[in-house]
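Single-letter residue listing:
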Amino acid sequence: MASMQKRLQKELMALQNDPPPGMTLNEKSVQNAITQWIVDMEGATGTLYEGEKFQLLFKFSSRYPFDSPQVMFMGENIPVHPHVYSNGHICLSILTEDWSPALSVQSVCLSIISMLSSCKEKRRPPDNSFYVRTCNKNPKKTKWWYHDDTC
């Protein structure tokens, strides 16, 4: 537990001092517990999401960084994207099977920015309605099928 808290403190400082472009730590979110953060995000300039504002929720288990954080979009504005479900779940391999302890909150944020920025068409995943009705509240419990690298 102590190593997890030490790592989170280090990552928290890095995110506060050198956030990825368009990302800001919501300071209020970490006042009560270091294991749950909200990151405010703005769509990158020149992309389909330019000027849009989103929020990412990060939840860390006691096994972090050996276990990936639970990451999902939250709030009123969930991006319309082929890999983002309307409940905020994100289909991104580094959040599950491709996670490595060498990754960080900053690298996850950069991957999500990149995923949104490379999108050519705003649309939901084809199975959005079924998935949202039947999924677990924790996206990490989903067995994702990574088959689409075109968006």
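Residues numbered from 1 in each chain as written. Predicted model: local features only at pLDDT ≥ 70, side-chain atom pairs only at ≥ 80, totals over all residues. Heavy atoms only, no water.

Under an unreviewed UniProt entry, the protein chain has the name N-terminal E2 ubiquitin-conjugating enzyme and belongs to Coregonus suidteri. Per UniProt, the protein chain has the following entry under Function (unreviewed entry): "Accepts ubiquitin from the E1 complex and catalyzes its covalent attachment to other proteins. Catalyzes monoubiquitination. Involved in degradation of misfolded chaperone substrate and DNA repair." (UniProt positions renumbered as here; feature names shortened; annotations may be inferred.)

Colleague: Looking at this model, I keep getting lost on the sheet that holds strand S3 (residues 53-59). Mind explaining?
Modeller: Each strand in a sheet pairs with another by means of backbone hydrogen bonds, the pair being arranged parallel or else antiparallel. Spatially, S1-S2-S3-S4 is the arrangement adopted by the four strands of the open sheet, whose pairing is antiparallel. Of all strands in the sheet, those bounded by a partner on one side alone are strand S1 (23-25) and strand S4 (70-74). Between one strand and the next, the sheet's axes are offset by a mean angle of 25 degrees, whatever the strand orientation. Judged from the three bridges that link them, S1 and strand S2 (residues 36-42) form a sheet pairing that is antiparallel. Paired with methionine 23 across the bridge in S2 is methionine 41. Along the sheet face, helix H1 (residues 2-17) touches S1 and S2 and points at about 20 degrees away from the line of S2. (Pairing = 2+ DSSP bridges. Helix = DSSP H or I, 4+ residues; strand = E, 2+ residues; numbered from the N terminus. Axes fitted to C-alpha atoms, helices over the stretch in contact; angles between N-to-C directions. Contact = heavy atoms within 4.5 Å.)

Colleague: What's the story with unusual backbone geometry in this structure? I'm lost.
Modeller: Outside of glycine, negative phi angles account for most residues, and trans bonds account for most peptide bonds. Between tyrosine 64 and proline 65 the backbone carries a cis peptide bond, its omega angle lying at 10 degrees. Structurally, proline 65 is set in the loop between S3 and S4.

Colleague: Teacher, can you tell me more about the pairing of S2 here?
Modeller: Remark: a regular strand shows side chains that alternate across the two faces of the sheet. Pairing between S2 and S3: seven bridges, direction antiparallel. Bridging from a neighbouring strand, glutamine 36 pairs with lysine 59 of S3.

Colleague: Sorry if this is basic, but what is going on with the pattern of salt bridges here?
Modeller: Where side chains of opposite charge bring their charged atoms close, a pairing between them can arise. Using the criterion set out here, one finds four salt bridges in the structure. The shortest N-O distance in the salt bridge between glutamate 52 and lysine 122 comes to 2.3 Å. You can see glutamate 52 sitting in the loop between S2 and S3 and its partner lysine 122 sitting in the loop between helix H2 (105-117) and helix H3 (128-134), a full 70 residues away along the chain. Overall, the relative accessible area of 39% leaves lysine 122 in the partly exposed class. (Salt bridge = Lys/Arg side-chain N within 4 Å of Asp/Glu carboxyl O. Buried < 20%, exposed > 50% of the residue type's maximum accessible area, 1.4 Å probe, protein only.)

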